[in-house]
Amino acid sequence: MKSYQKLTTDALQIPDAGDEAADGRPLCHQKLSAWWLGGGLLMVAALLSGVTVWVLGQIWWSQHGTPPLAKCVSVPEERRFDCYPERDAVVTRELCEGRGCCFIESDQSLGVPWCFYPPDFPSYTLGSMNQTELGLVGFLTREGKTYYPKDIEKLRLSVDFETDTRLHVKITDATIPRYEVPLEVPPVTKRAEHPLYAVEFSKEPFGLIVKRKSSGTVLLNTTVAPLFFADQFLQVSTLLPSSYLYGLGEHRTNFLHSLQWNTLTFWARDVPPTETFNLYGVHPFYLVMEKGGAAHGVFLLNSNAMEVALQPAPALTWRTIGGVLDFYIFLGPDPNLVVQQYQQVIGFPAMPPYWGLGFHLCRWGYETSNATWETVKAMRNFQIPQDAQWNDIDYMDGYRDFTIDSQKFGALPQLVEDLHKHGQYYVMILDPGISSTQPPGSYWPYDEGLKRGIFINNTRGEPLIGKVWPGLTAYPDFSNPNTHQWWLENLDRFHSLVPFDGIWIDMNEPSDFMDGSSEGCSQGELDNPPYVPAVLGGFLSAKTICTSARQSMSMHYNLHNLYGLMEAKATASALIKIRGKRPFIISRSTFPSQGKYSGHWLGDNRSNWKDMVWSIPGMLSFSLFGIPLVGADICGFSGSTSEELCTRWTQLGAFYPFSRNHNTQNEKAQDPPAFSPVARTAMKAALEVRYSLLPYLYSLFHRAHLQGDTVARPLFFEFPNDVTTYSIDKQFLWGRGLLVTPVLDPGVDWVVGYFPKGVWYDYYTGSLVNSSGENLKMAAPLDHINVHVREGTILPTQKPGCCTLVSRGNPLRLIAALSQNANAWGDLYWDDGESLDAFAKGDYSYLVFNVTQNTFTSTVLHSNVEATYITVDTLTVYGVREEPKTVTVNGKEWPFSYLTNQVLTVSNLQLNLSQGFSIRWV
């Protein structure tokens, strides 16, 4: 390949004003000679000749597609949109200008593209727009061909004003149907009456501009680069109103994305989380904070391989290699509302069972059911809370799904029975790959699957064979309804032997150790598209199956990123039928709407401090994606942890919405009983804080399920006008009221945290901090994680127990953290913790707590029998400025205590939760 060619002044033939003559003196300083007139005439002739050459050059450029230099240099570096994104080519001037694009060298280390679109690069032209019941429809046409094959010359553009805060823009082939993501989106029958947005169009070249009416802020502007819509290359670019961009997962990156020429790739991939790589899930949704604190979001409903290029204009480019351009724009304007509006399209998350919010313990390498059992017993002996015990693939016979190693795990049914007797639960792993090498008639899952034709096929219509843990395997096609029935029957058969409670679905990108299949992949355009996004491995079938594989709904090329979602949907349906209770599922691969069926863990992390730090932005990103049940492997999966790291990570992990300690085989144990008494005691204390807060956490999940609220929440969601919070991803909130500041560095007994403006109370003591919006250094000994309550918050807490079955029956302690005007608010959602559709059926209690004018009131808005079993034992009020003279409970005088740090405590209340009450202090 040719190397980059320098752009020289010789090639340009444009002299600078300060050029020197051969004698070294400036031209303008040479003495006039007797031949001045002839010289002047020669200069005029030269100028005329130069103008003629320039004009002829312009004509030549227009005919040959090479842009004039003036147009190229006029484009600022930050607005140069890449015309040659292929990574397998050294881009030369010849290649670049062959595409009709500008070629200008820049500092390669900065990432600025050398080959970029000129301002007048050909694109689509918009014809007239017509009104529809929901908005507008028009057609786009292209006259000239682009440099990608199979251009689609006529496109249909629909712009639907679906709600006042949601705009739906869709561009697709006007003549032939194309694959579209089979996601259930809300039907719309009426056009929005008072939209918060205004839409404008550029007709030639086509461009779309979306503005926020209230401020005039331009949210989208696609006029900055040409639109591409070929069969296997679709691209559209937009300016962004600010550089505060979030979402676009799954990637290991800061919560706030860098726009310094950063490309994010979307293609589900089995790989330990690593910076710059495409990881397990695909979530093409972003949220932007605008100037002034408003927020908006954009969702591209597309499941094909794609990438998003970010640049400092600020701007963003979507590239995908299939499907259609199907955009939803959400106007918020509050960031919480943006996420709610996004989930109105993709679906709200499922309500988890209460026990699913307890502490989970797992490892790959227990080796036997008895060793697993001993770990459970050790946790009980030290009275460390635990709700669920898990097993990795070592419980299976030869790593085959739906089997038990009878030699090493023969006592597994008895272990599960023991867990159930102690109010605990059992979760097992399942991988989608089904062993294909067992003797006929010896392995029902494969035999029956083959009989029913439920496996993904190769291009010849035969089951595609890859390789994962059990060896050669076939892959169930979860886009086929018949596969759901087969999956249910397999799970039901196994449940009759081992009555599991939840399922962990892993390796579902799907993973394949053979790169494609045992026979390789085809040489066709599905396996070798004209453009390949920057996927790890450089080709689409790297560590997964061939994209030419055939599934019931479409080619794997289209469905790859949906595999984990479709498996989760089948698994949730099966668990509901088998157990008749809320399903508990944790999945590795995810896609929008996954939260309706499963939670997610952040994958095969490592036992180091950096990975613990990365877990917080990972958790916060999945909060944006509508999957609130999320967490990382506490103490790290691979490698060997240290006692200090595991202690600090357990403290942080106690505040993951999904809390599980998990590590790999051939490493030392990292469950809490494996450590010294000091570390073990610190871990136990952190988990007891979690169990104390479960009523609050469960209520947050109810709000997530009901209306799409976030559970773990970035600070700027609550403080959108405080720009300092925009980049914070080492702290986080639970809901609106609880701030968590973990220690993330070794060898320290302090931590610095940012406190947005207002009053914050130490969760443990009630001591207050009145912050002006500042960083504060706090003591953080090894046995302590800093947790603070936001002013105006009421937390329902409960005495912790060994498991949720016990803790759910314990008395409540209500903590009211008064605002500066002495008010507070909170709520509690309560049901039996496991029944399906409890809220929809009315089988729940809902209480609202208020403090105004020195009076705490509990108001029961809805009640059922579960609440009658619970009592409120203690009320603690933070921020009572003067010691009360008397306290009355429902009008009756009551004893109390008051501390100098302004904490009022009223104990021994024994008030029934199902009945309203008031407590007053004067």
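Predicted, not measured: the structure shown is a model, and the values here were computed from it.

Conventions used here
Per chain, residues are indexed from 1 in the order of the written sequence. Predicted model: local features are reported for residues with pLDDT of at least 70 only, side-chain atom pairs are reported and counted for 80 or more only, and whole-chain, interface and lining totals are derived from all residues. Neither water nor hydrogens contribute to the side-chain values; these are computed over all heavy atoms in the structure. For this text, the term disulfide refers to a pair of cysteine sulfurs within 2.5 Å. Numbering of helices and strands runs from the N terminus, with a helix taken as a DSSP run of H or I at least four residues long and a strand as a DSSP run of E at least two residues long. Here, a strand pair is defined by DSSP locating no fewer than two bridges between the strands. Interaxial angle, 0 to 180 degrees, is taken between N-to-C directions of lines fitted to C-alpha atoms, where a helix line uses only the stretch in contact. For a helix, the expected span equals 1.5 Å multiplied by the number of residues minus one. Throughout this description, buried means an accessible area under 20% of the type-specific maximum (1.4 Å probe, protein chains only), exposed means over 50%, and partly exposed covers the range between. Here a polar contact is taken to be a pair of N or O atoms separated by no more than 3.5 Å, where protein atoms must pair a possible hydrogen donor with a possible acceptor and residues adjacent in sequence count only if both atoms sit in side chains. Any Phe, Tyr or Trp ring, taking Trp's six-membered ring, that has another such ring centre within 6.5 Å forms a pair; planes under 30 degrees apart are called stacked, those over 60 apart edge-to-face, and the others tilted. In this analysis the charged atom, NZ for Lys or CZ for Arg, is taken to sit over a ring once it is within 6 Å of the ring centre and within 35 degrees of the ring normal. Here, residues are in contact when the closest pair of their heavy atoms is within 4.5 Å. For classification purposes, angles smaller than 35 degrees are called roughly parallel, those larger than 145 roughly antiparallel, those between 65 and 115 roughly perpendicular, and all remaining angles oblique. Residues are grouped as follows: Ala, Val, Leu, Ile, Met, Phe, Trp, Tyr, Cys and Pro are nonpolar; Asp, Glu, Lys and Arg are charged; all remaining types, including Gly, are polar. Grid spacing is 1 Å over the protein atoms alone, the probe is 1.4 Å, and a cavity is where that probe fits but cannot get out, while a pocket is an open set with protein on both sides within 12 Å along at least five of seven lines and lining residues have an atom within 4 Å of a point. Grid points are joined across faces, edges and corners, and a volume is the space filled by probe spheres set on the points.

Overview of the state of the cysteines
Across all of its chains, the model carries five disulfides by this definition. Here Cys 635 engages in a disulfide with Cys 646; their sulfurs sit 2.0 Å apart. Its S-S torsion of approximately 80° makes the covalent link between Cys 635 and Cys 646 right-handed. A residue pair is termed long-range when its members are at least 10 positions apart, and Cys 635 in the loop between strand S30 (633–634) and helix H13 (643–653) and Cys 646 in helix H13 qualify at eleven residues. Bonded cysteines in the protein are paired 1-5, 2-4, 3-6, 7-8, 9-10 when counted in the order they occur along the chain. No disulfide involves Cys 362; its nearest neighbouring cysteine sulfur is the one of Cys 635, lying 13 Å away. Of the cysteine sulfurs around Cys 803, a residue in no disulfide, the closest is that of Cys 802, at 3.6 Å.

Overview of the sheet that holds strand S10 (residues 218–221)
Pairing is antiparallel across the open sheet formed by three strands, whose spatial order is S8-S9-S10. The open sheet terminates on both sides in strands that have one partner only, identified here as strand S8 (197–202) and S10. Put simply, the sheet's adjacent strands are angled 15° from each other on average, direction ignored. With six bridges joining them, S8 and strand S9 (residues 207–212) adopt antiparallel strand pairing. Among the inter-strand pairings, Ala 198 is bridged to a residue of S9, identified as Lys 211.

Looking at helix H6 (residues 369–381)
End to end, H6 covers 18 Å across 13 residues, agreeing with the expected 18 Å (1.5 Å per residue, within 8%). Of the residues making up H6, those classed as buried are Ser 369, Thr 372, Trp 373, Thr 375, Val 376, Ala 378 and Met 379. Backbone geometry just after H6 places Gln 383 at a positive phi near 55°.

Brief notes about the environment of Asn 821
Summarising the element assignment, Asn 821 is placed in the loop between strand S41 (812–817) and strand S42 (824–830). For Asn 821, a relative accessible area of 56% corresponds to the exposed category. For the pair formed by Asn 821 and Gly 792, sequence separation is 29 residues and the distance between their alpha carbons is 8.9 Å. Of note is the side chain of Asn 821, whose polar atom sits 2.3 Å from the side chain of Ser 819.

As for the sheet that holds strand S37 (residues 768–771)
Strand order in the open sheet formed by six strands is S32-S33-S34-S39-S36-S37, and the pairing between neighbours is antiparallel. Strands at the two margins of the open sheet, each flanked by one partner only, are strand S32 (712–713) and S37. Pairing of strand S34 (residues 738–741) with strand S39 (residues 786–790), which is carried by four bridges, proceeds in the antiparallel orientation. Bridging across to S39, Leu 739 finds its partner in His 788.

Re the packing of aromatic side chains
All told, the structure shown has 59 aromatic pairs when counted by the stated rule. Ring geometry for Tyr 117 against Phe 121: centres 5.0 Å apart, planes inclined by 70°, an arrangement best described as edge-to-face. Both residues of the pair, Tyr 117 and Phe 121, count as buried. Aromatic side chains Trp 355 and Tyr 425 sit 4.3 Å apart centroid to centroid with 5° between the ring planes, which places their arrangement in the stacked category. Highlighted residues: Trp 355 in the loop between helix H5 (335–346) and strand S20 (359–363) and Tyr 425 in strand S22 (residues 425–430), separated in sequence by 70 residues. Comparing Trp 355 with Tyr 425, the two get one shared label, buried. Members of the aromatic cluster, connected to one another through ring pairs, are Tyr 117, Phe 121, Tyr 147, Tyr 148, Phe 228, Phe 233 and Tyr 531. Stacked on the ring of Trp 373, the Lys or Arg Lys 377 has its end atom at 4.9 Å from the ring centre. The ring of Trp 601 carries the charged tip of Arg 660 above its face, separated from the ring centre by 5.3 Å.

Digging into unusual backbone geometry
Omega for the peptide link from Ala 313 to Pro 314 comes to 0°, which places this bond in the cis form. Although it is not a glycine, Asn 854 sits at a positive phi angle of roughly 60°. Turning to its location among the elements, Asn 854 is positioned in the loop between strand S43 (845–852) and strand S44 (855–862).

Considerations on the side chain of Thr 647
Its place among the elements puts Thr 647 in helix H13. Overall, the relative accessible area of 0% leaves Thr 647 in the buried class. Setting aside anything within four residues of it in sequence, one finds Thr 647 in contact with Ala 679, Ala 682, Met 683 and Leu 782.

Focus: the side chain of Asp 709
For Asp 709, the location among the structural elements is in the loop between helix H15 (694–707) and S32. A distance of 3.2 Å separates polar atoms of two side chains, one belonging to Asp 709 and the other to Gln 707. Not counting the four nearest positions on each side in its chain, Asp 709 is found in contact with Gln 340, Arg 703 and Ala 704.

Details of the packing of helix H14 (residues 677–692) against H15
Axis separation between H14 and H15 bottoms out at 5 Å; the angle between their running directions is 55°. One finds that H14 runs oblique with respect to H15. Residues Arg 690, Tyr 691 and Ser 692 of H14 pack against Leu 694, Pro 695 and Leu 697 of H15. Taken together, the residues that form the contact of H14 with H15 break down as four nonpolar, one polar and one charged.

Some remarks on empty space enclosed by the protein
Applying the stated rule across the entire model yields four cavities of 30 Å³ or more. If you add up the space inside the largest cavity, you get close to 230 Å³. Together, 22 residues line the largest cavity, and His 251, Arg 252, Leu 602, Trp 614 and Gly 618 are the ones closest to its centre. Mapped by element, the contributors of at least two residues to the lining of the largest cavity are strand S13 (244–249) and helix H12 (609–624). Looking at the lining of the largest cavity, its residues break down into nine nonpolar, ten polar and three charged. Considered as a void within the structure, the second largest cavity measures approximately 140 Å³ in volume. Looking at the second largest cavity, it is lined by 14 residues, and the ones nearest its centre are Leu 208, Leu 220, Thr 222, Val 236 and Phe 327. Counting residues per element, the lining of the second largest cavity draws most heavily on strand S19 (residues 325–330), at three residues. Classifying every residue of the lining of the second largest cavity by side-chain character gives twelve nonpolar, two polar and no charged.

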